[in-house]
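Working through the structure, step by step
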Amino acid sequence: QVQLVESGGGLVQAGGSLRLSCAASGRTLSLYVMGWFRQAPGKEREFVAAIRGSSGNNLYADSVKGRFTVSRDNAKNTMYLQMNSLKPEDTAVYYCAAGGIVTMRSVNYDYWGQGTQVTVSS
């Protein structure tokens, strides 16, 4: 059982940066693959990034590769999404999720936070 709470969203100008946090309670995060998804109004939820519980390459959507960095601090039960060079098309509600495998499919994640709004102005 895992409870996830996102924070760090807000309003930034294009080209700016934000760092999202996902704090977990319950089981330790080290047991799970963690992922970030986002959903814009009227659109489907889409994959952003995922990070493994062990060493290895992270997984990123092509749209954010090179701009976003996902990391985790298992001692603090927290995952982060550093977002740089933000674009207006990054505007969405961002959700963190926990699951057992590295995947871009939202249905394969077992636990979800409530989301945090990210708005990028042009």
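1. Quick word on the packing of aromatic side chains
If you walk through the whole model with that rule in mind, you get five aromatic pairs. Arranged with centres 5.0 Å apart and planes meeting at 55°, the rings of Phe37 and Trp112 form a pair that is tilted. Note that Phe37 is positioned in strand S4 (residues 33-39) and Trp112 in strand S10 (residues 109-112), a separation of 75 residues in sequence. Exposure remark for Trp112: the relative accessible area of 24% places this residue in the partly exposed category. Geometrically, the ring pair formed by Tyr109 and Trp112 is edge-to-face, given 6.2 Å between the ring centres and 65° between the ring planes. Taken together, the ring pairs connect Phe37, Phe47, Tyr109 and Trp112 into an aromatic cluster. Above the ring of Tyr95, the side-chain terminus of Arg45 is found at 3.9 Å from the ring centroid. Sitting over the ring of Trp112, Arg45 keeps its end group 4.8 Å from the ring centre.

Cut-offs and rules
- Residues numbered from 1 in each chain as written.
- Predicted model: local features only at pLDDT ≥ 70, side-chain atom pairs only at ≥ 80, totals over all residues.
- Heavy atoms only, no water.
- Phe/Tyr/Trp six-rings, centres within 6.5 Å; stacked < 30°, edge-to-face > 60°.
- Helix = DSSP H or I, 4+ residues; strand = E, 2+ residues; numbered from the N terminus.
- Buried < 20%, exposed > 50% of the residue type's maximum accessible area, 1.4 Å probe, protein only.
- Lys NZ or Arg CZ within 6 Å of the ring centre and 35° of its normal.

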